[in-house]
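Structural features, examined
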Amino acid sequence: MVHRILIVTAVAAEADSVAAGLGPDAPETAPGTAWEPLSLPGGLALRRHSGGVDLLVGGVGPAAVAAATGTALAHASLTGAGSGTPYDLVVSAGIAGGFAPHAPIGTVVVSGAIVAADLGAETPDGYLAVEELGFGRSTHPVPPSLTGPLAAALRAGDRPHTVAPVLTVSTVTGTAGRAAELAARHPAAAAEAMEGFGVAEAAAAYGVPVVEIRAVSNAVGPRDRAAWRIGEALDSLRQAFALLGPAVFMNPTVFVEAK
């Protein structure tokens, strides 16, 4: 069985941190040489790594990244040899805001669920998720068989981490009131970002398991750019993938046992 993983980030800085963690770039077709991107429709470029890992910059927000992830999955499905799903796993990766006290700055959050936190309707009686409206889903649960090996690798590397729901929003939280509202609605959530649910929807359409991995750069709450620690979070993301690459993503035996 071919072991292939697609990792999707929003922006290039996140992809560069993931790539640095995974190790030297080397395309499958020419080991030991500088990588060359694989062009996809829509002006997208896939970065192909040794070990069966593909890396894609998919854009900011759930709509853009769903389209990009779907394009990569469709391309793999149409051009890949053999039958079955185009990838064994899709990963949404990047930096995020963290909910106190679950995820301080620098913490790596592995998604126990990927939740579209603003996909629904406001009513006089409060918020209704899209399920309550009868129009689809707002949550992709991630099984412990998948989160377990990831958490074990981070724990073995002494990397601060938690397994908890990650919220997807189209508008980043910037007030204490909104942060409190989300925390009350999703008390177990550890992080907030903008892409996970879009990646998850595309993966689900192709029957591919999905997980979200985020490094926390700031607290969810009042917008305070002076308090952001983006460089620290990107380094945390790099260190996380340095642990996860050899232990899980590039180890077919571990991954197959985890599925």
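Please refer to the structure higher up on the page.
Here goes a summary of the coordinates provided. (Residues numbered from 1 in each chain as written. Predicted model: local features only at pLDDT ≥ 70, side-chain atom pairs only at ≥ 80, totals over all residues. Heavy atoms only, no water.)

1. Observations concerning the packing of aromatic side chains
This is how it is decided: Side-chain rings of Phe, Tyr and Trp, where Trp is taken by its six-membered ring, are said to pair if the distance between their centres is within 6.5 Å; with planes under 30 degrees apart they count as stacked, over 60 as edge-to-face, and otherwise as tilted. Here, a charge over a ring is recorded when the distance from Lys NZ or Arg CZ to the ring centre is within 6 Å and its angle to the ring normal is within 35 degrees.
Enumeration according to the criterion identifies 0 aromatic pairs in this entry. Its end group placed over the ring of tyrosine 87, arginine 4 keeps NZ or CZ at 4.6 Å from the ring centre. The side chain of arginine 185 reaches across the aromatic face of tyrosine 127, ending 3.8 Å from its centre.

2. Overview of the pairing of strand E6 (residues 108-116)
We count it as follows: Relative accessibility decides the category of a residue: with a 1.4 Å probe and only protein chains considered, values under 20% of the type maximum give buried, values over 50% give exposed, and everything between is partly exposed. Helix and strand definitions here come from DSSP, where helices need a minimum of 4 consecutive H or I residues and strands a minimum of 2 consecutive E residues; each element is numbered from the N-terminal end. Note: two strands are recorded as paired if DSSP finds a minimum of 2 bridges between them.
Judged by how many residues are buried, E6 sits mostly within the fold: 8 of 9 residues are covered. Bridge analysis of E6 against strand E10 (residues 161-168) gives 8 bridges, and the strand direction is parallel. For alanine 113, the partnering residue across the bridge sits in E10 and is proline 165. Sheet analysis places E6 next to strand E12 (residues 210-219), joined by 3 bridges and oriented antiparallel. Across the sheet, valine 109 pairs through a bridge with arginine 214, a residue of E12. Pairing of E6 with strand E9 (residues 139-141), which is carried by 3 bridges, proceeds in the antiparallel orientation. Counted as the bridge partner of valine 115 is threonine 139 from E9.

3. Points about the environment of threonine 171
If you trace the backbone, threonine 171 turns up in the loop between E10 and helix H5 (176-185). In this structure the C-alpha to C-alpha distance between threonine 171 and alanine 193, which are 22 residues apart in sequence, comes to 9.2 Å.

4. Overview of the packing of helix H2 (residues 62-79) against helix H6 (residues 196-205)
Heads up, the rule is: Orientation is described by axes fitted as lines to C-alpha atoms, over the contacting stretch for helices, and by angles from 0 to 180 degrees between their N-to-C directions. Roughly parallel means an angle under 35 degrees; roughly antiparallel, over 145; roughly perpendicular, 65 to 115; everything else is oblique. Crossing handedness: left-handed means the near helix sits turned counterclockwise from the far one by under a right angle, and right-handed means the same turn made clockwise. We call two residues in contact when some of their heavy atoms are within 4.5 Å.
Two numbers describe how H2 lies on H6: the axes approach to 7 Å, and their chain directions differ by 30°. The angle between H2 and H6 falls in the class roughly parallel. The chirality of how H2 crosses H6 is right-handed. In contact with Pro62, Val65, Ala66, Thr69, Gly70 and Leu73 of H2, H6 contributes Gly198, Val199, Ala202 and Ala203.

5. Side note on helix H7 (residues 230-249)
Inclusion rule: Expected span of a helix, by definition, is 1.5 Å for each gap between consecutive residues, and there is one gap fewer than residues. Fitting one axis to the seven residues ending at a residue and another to the seven starting there, the bend at that residue is the angle between the two axes.
An ideal rise of 1.5 Å per residue puts 28 Å on 20 residues; H7 reaches only 25 Å between its terminal C-alpha atoms. At leucine 243, H7 is bent by approximately 25°, the largest bend along its length, and proline proline 246 sits one to four residues beyond. Along H7, the positions that sit buried rather than exposed are Ala233, Leu234, Ser236, Leu237, Ala240, Phe241, Leu244, Gly245, Val248 and Phe249.

6. Examining the pairing of strand E3 (residues 44-49)
Of all the 6 residues making up E3, 5 are buried; the element is thus mostly covered by neighbouring parts of the structure. Bridging between strand E2 (residues 38-40) and E3 involves 3 bridges; their strand directions are antiparallel. Looking across to E3, one finds that leucine 40 is bridged to leucine 44. What sits between E2 and E3 in their antiparallel hairpin is a turn of 3 residues, with glycine 42 showing a positive phi close to 80°. Strand direction decides the pairing type here: E3 and strand E4 (residues 53-57), joined by 4 bridges, are antiparallel.

These figures come from the coordinates and say nothing about function on their own.
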